[in-house]
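Structural overview for review
Okay, here's what each chain looks like letter by letter:
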Amino acid sequence: MASLLPSTGRGENIAGKLLLLIVALLMCIGVVVVYSSGAGWAEQKFSDPQYFLWRQLTFAIAGMAVIFVVGAIDYHIFRKISKLFLFVSIGLLAILLLLKLAHVIHGAARWLGFGPLKFQASDLAKYAIIFHFSRLLSEKRAYIKDLHDGYYPMLVLLMIVVALVALEPNFSTASIIAIIGFTLMFIGGIRIKYLLATASLLIPIAAVFAIAAPYRVARLVSFGGGEKELSYQVRQALLGLGNGGLFGLGLGASKQRELYLPLSYNDFVFVIIGEEYGFIGALVILLLFSGLFACGIIIAKHAPDLFGRYVAIGVTFAIVFFAFINIAVACHLMPTTGVALPFISYGGTALLFNSLGIGLLVSISRYRKKVETIERAQALLESKGGSL
Amino acid sequence: MNQARTTPENHRGTSDHEFSLRLGIMVALMLLFCLAIVSKLLGIQVFDVKKYRAKASRQYETIVTEKARRGRILDRYGRPLAESVESISFYADPEQVNDAGATAKLFANTFGKSRDYYLDLLRKNKRFVWLERNVPVSQAAKLMSLKIKGVGFRREQHRYYLNVAAQLIGLTDRDNKGISGLEKSFESQLSGRDGVRIFQRSATGERYPAPDADQVQPLAGNDVTLTIDADVQGILEEEIAQAVKEFKASGAMGIIMDVRTGEIIAMANYPTFDLNRRSGLTADQMRNRAVTDMFEPGSTFKIVMASAATEALGWRAETPVDGHGGSITIYGKQVRDHEPFGAMNFQKAITESSNVVAASTAMRVGATTFYRYAHALGFGQKTGVGLIGESGGFLKPVSRWGKMTLPWMGYGYQVMATPLQVLQAYATLANDGVRMRPFIIKRVSGPDGKTIEETRPLKVVQALKPETAHYMAREYFRAVVEKGTGMSAKIEGIPVAGKTGTAQKLHNGSYQGWRYYVASFVGFFPYDNPQYAAIIVVDEPQTAYYASAVAAPVFSRVCGRAVACSLEMQKRLSMKSPEKELLDRVSTVVVPELKGLRESEAAKLLEWNGLKLEPSGSSGGSVTSQSIAPGTKVQKETTVRVRLAKRVQNK
């Protein structure tokens, strides 16, 4: 029993607290940076420079509340509802697509809900996949290496979700969900040769799909091409980062945010961080996410059960992977995709979903403690009984 | 241990090991990803930072060149012939305009267009719209000071012309750069230096001057003052245009010059063009023919022959010459006169413009001497007036003369000259034989009015002895106008001297079967103390061709009107000339009503009016009738005769 539990058990205690600290820090940074970069846009669009500030603050507080609430409840509840959760997600994605086919929705069918409570159906699906895969992987532990019983069911589910998201169309999110799913399966013990075989089949399909839409081709060309072919956004993003230099221009001094960089409070918020706080600031953000990753992994390693372990890994990976991809796009390491920076980018519901994930990690780390306490009490009881 | 729980503890050995391994692989990959990002950021933000900073500053800075105001071209009295008027153009960035309604209203109130017109513009989904273009500064001043958000303005310049001396002044192109005439040759003086202002953009899009950048203030161009008198120029242009119309000519030119200094008072060409409306311009209209086009001058060139005869041969007005009955054959070629002159004196040969005498006299003078005088009077060389495209005419060196060159040249063929050169020759004669360099730029002065350069009259050469010049002016060229071919060039009250010229135009190397002429009159006044010289050249007149009928009357009208409207000319003529009284006499008075007045009263009234009384009938009576009707305009000093009668008291 001690194999996965460190003898002291202090590591994951610290991990849980550190995790909360990191997330709180990220949210604070988010509030400040979104205010700084979005004030001008807000002034223009809503005649209120503080528009983004209040909303982001509200969601940050709500996010903390979600973390504490979810952190307090037993995460196994998500195991029980995971199947329902997944089917509801798939259903919603399908409905969105149908509405799009019926020309009720024009353009990309990505959003659900009304007013401030709009959220991306893919966010829901992402968590549904994490939960259900964690459940399946833990349940199929015994025959996980089996192709038909272990791999295929999961692959089919994943492909359904990915295909639906891709058809929205939201190719980048679909790819990321696919990567999360495969990562979970990889961690869960699926045979690597199956995964590789699938990848060798899927990558050409994805490539064909990628070049099916002109805007995606344009993005790829602008990524692959020389400096002259850079898209406007990327060029401006690089200018912003470069202008920040090592130490940055200082709080609120970004010049890129309003005039040159569209969505500076959202997808390209990292550029504003790099511009105002420089390389040091950017490094701090990267370190915070790396810390978050480390905490998540520690929590996963010390999770009381396989479900918790997989959920912890899935959630951690999803959040940090999103963050890295966002940053990679901002500094032109990857082609442009519309991926937000978790906890920092403006956007309420995405923040709430991420808070849910953090809440789960907290819950898992706490549950482990609970189990430990019970075990210790039991051991004490046994020893007493033995002595008696 | 509770075995119901699916804890990892249940699966030991390889599976746990495998999990750790796979987790390790994932962590490693993520670490790699992270490192890739860090190295990329390091590249952008630390190593390449200079490159990106430079790019960024280029993006944040806007360089605005402020066009310097182009200098003016002024006439001799400082009246602008060409000036740059600043106008304002308003533009807007509809995205930045907060209150489109109020802005539109403001513009509507200022410029009189409807509010909706501006609203439509302000609602366009563009980042740049012109709201109003080229409005006068006075109209725009209020809006310029308001600083409306999202609305900016640009200063633009437009060249406006008084619209005289079009070819002389020339044109500017779209960028306000001179492309012809003085606008081109004085480009460097007129253009000034554009200002450069570097603005930085703040995060909200407002512009402010960059604190550490060099701001270069625009420096207005220099003003160029010409010797041209706009009024006289206008008169000259009007008259030559009239002449072209009257005689169905293909073109005409005229120049008026101050003989004492060489200043050009007016220089006009026809066809001409509208400086302010420049569409459909042809090169024909833009040519400053008065200095670019050369002709065989014809009889006006006889000044060379006459000068040489007077100085080299010692001929006088009464020297007898032979007209050979109107025709003479030289080396098998016939030289004809328009009338069959017989024996006469040299004066008559000139006043009647005898080609026969001119040819034979030229031969008497000899080629070398003839050439010397032609050259001294300025033929065959540029005058140095400093205008673009000036032609130096064409005077062959003696070594290349044929047998007929000299006799033909005697009466103005086999030589080419521009109207300005011909005028210059007569101005030289008028100026006591001193050839002055003609000039048109009086002064260049800075925007502050300080003189930078001033043209001083330049004596080129003493071409003739002063006595010769005076003698010729009096005996020959005054006589031409008094009793010869130039009689229609007379100006009331001003004694004019001059010469007509009717030259047949060479066509395909032949004068035969070709009836195109150049009619010209060149003269100066007053003959005994000359101040001004003028030339009128009418090219290819159709309805008449003799210079006496075509060019001389134009000369008279132009100079008469010029003197009448130019105070300076009047002053020069009256101050320096004994003809002042003559001029005064020109002024007329109105004869008053004298009827019923007593003799003494009538005499006093007339005296006030500058008239004289000559009474008749019973002295001491009242006026019953007057010789000139009341209201009649008469010259001063006219005598009015009146009849007086004693009144019958008891009635």
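This structure is a prediction, so every number in the text was calculated from the model and none was measured.

Notes on the overall build of chain A
A count of helical and extended segments in chain A gives 13 helices and two strands. Taking contacts inside chain A between residues at least 6 apart in sequence as the whole, the part at least 24 apart equals 77%. Roughly 15,800 Å² of accessible area belongs to chain A as shown, and the carbon and sulfur atoms make up 72% of that amount.

Some words on helix α9 (residues 230–247) of chain B
All names here are of chain B. Taking 1.5 Å of rise per residue, the 18 residues of α9 would be expected to cover 26 Å, and the 26 Å separating its terminal C-alpha atoms lies within 8% of that figure. Along α9, the residues classified as buried are A230, V232, Q233, I235, L236, E237, E239, I240, A243, V244 and F247. Elements in contact with the buried residues of α9: β3 (80–92), α6 (166–169), β9 (251–258), β10 (264–270), β21 (532–539) and α19 (547–565). In this structure D229 caps α9, since a side-chain oxygen of it lies 2.9 Å from the backbone nitrogen of D231. Where α9 ends, the next residue or the one after it, K248, has phi of about 50°, a positive value.

Description of the environment of M363(B)
Residue and element names in this part refer to chain B. Structurally, the position occupied by M363 is in helix α14 (residues 355–365). Using a relative accessible area of 32% as the deciding quantity, one classes M363 as partly exposed. Along the chain, M363 and M404 lie 41 residues apart, while their C-alpha atoms are 9.6 Å from each other. Filtering out sequence-adjacent residues up to four positions away, M363 remains in contact with I330, Y331, L406 and P407.

Overview of the sheet that holds strand β19 (residues 497–504) of chain B
Residue and element names in this part refer to chain B. Strands sit in the order β10-β9-β21-β20-β19 across an open sheet of five strands; the sheet is antiparallel. In this open sheet, the two strands that pair with only one neighbour each are β10 and β19. Taking the axes of each pair of neighbouring strands and ignoring which way they run, one obtains an average angle of 5° across the sheet. As paired elements, β9 and β21 share eight bridges and run antiparallel to each other. When the sheet's bridge partners are listed, G251 is paired in β21 with D539. The strands that α9 touches are β9, β10 and β21; relative to β10, the one it contacts most, it runs at about 30°.

Side note on the sheet that holds strand β23 (residues 612–617) of chain B
Residue and element names in this part refer to chain B. As summarised here, the arrangement of the three strands in space is β23-β26-β24, forming an open sheet in which the pairing is mixed. What marks the edges here is a single partner per strand, and that holds for β23 and β24 (622–626). Neighbouring strand axes in the sheet, compared pairwise and without regard to direction, differ in orientation by 40° on average. Strands β23, β24 and β26 (639–645) of the sheet are contacted by helix α22 (residues 599–608), whose axis makes an angle of about 155° with β23.

Let's talk about the packing of aromatic side chains
The full count for this structure, using the stated rule, is 31 aromatic pairs over all chains. Ring geometry for Y371(B) versus W401(B): centroids 6.2 Å apart, planes at 65°, classification edge-to-face. Of this pair, Y371(B) sits in helix α15 (residues 367–376) while W401(B) sits in the loop between α15 and α16 (405–410), and the two are 30 residues apart along the sequence. Classification of Y371(B) by relative accessible area gives partly exposed; the value is 23%. Of the residues examined, W401(B) reaches a relative accessible area of 13% and is grouped as buried. Of the aromatic side chains, those joined through ring pairs into one cluster are F90(B), F107(B), F111(B), Y117(B), Y118(B) and F153(B). The positively charged end of K126(A) is found above the aromatic ring belonging to F322(A), 4.0 Å away from the centroid. The side chain of R316(B) reaches across the aromatic face of Y471(B), ending 3.7 Å from its centre.

What about the nonpolar core?
Counting residues in hydrophobic clusters, the biggest one holds 128 residues, and the most contacted among them are L292(A) and I358(A). With 20 residues, helix α12 (residues 306–330) of chain A is the largest single contributor of residues to this core. M267(B), W315(B), V357(B) and V522(B) belong to the second-largest nonpolar core, a separate cluster that totals 96 residues.

Thoughts on the confidence of the model for chain A
Summing up the model confidence of chain A, the mean pLDDT is 81 and the portion of residues at 70 or higher is 87%. Ignoring residues within four places in sequence, the model shows residues 1–8 of chain A, a span with pLDDT below 50, making 15 contacts including any to other chains.

Here is what the cut-offs are and how they apply
- Residues numbered from 1 in each chain as written.
- Chains lettered and ligands numbered in written order.
- Predicted model: local features only at pLDDT ≥ 70, side-chain atom pairs only at ≥ 80, totals over all residues.
- Heavy atoms only, no water.
- Helix = DSSP H or I, 4+ residues; strand = E, 2+ residues; numbered from the N terminus.
- Contact = heavy atoms within 4.5 Å.
- Areas by Shrake-Rupley, 256 points an atom, 1.4 Å probe, with all protein chains shown as cover.
- Expected span 1.5 Å × (residues − 1).
- Buried < 20%, exposed > 50% of the residue type's maximum accessible area, 1.4 Å probe, protein only.
- Polar contact = N/O pair within 3.5 Å; in protein donor to acceptor, adjacent residues only side chain to side chain.
- Pairing = 2+ DSSP bridges.
- Axes fitted to C-alpha atoms, helices over the stretch in contact; angles between N-to-C directions.
- Phe/Tyr/Trp six-rings, centres within 6.5 Å; stacked < 30°, edge-to-face > 60°.
- Lys NZ or Arg CZ within 6 Å of the ring centre and 35° of its normal.
- Core = buried A, V, L, I, M, F, W, Y, C linked by side-chain atoms within 4.5 Å.
- pLDDT = per-residue confidence, 0-100.

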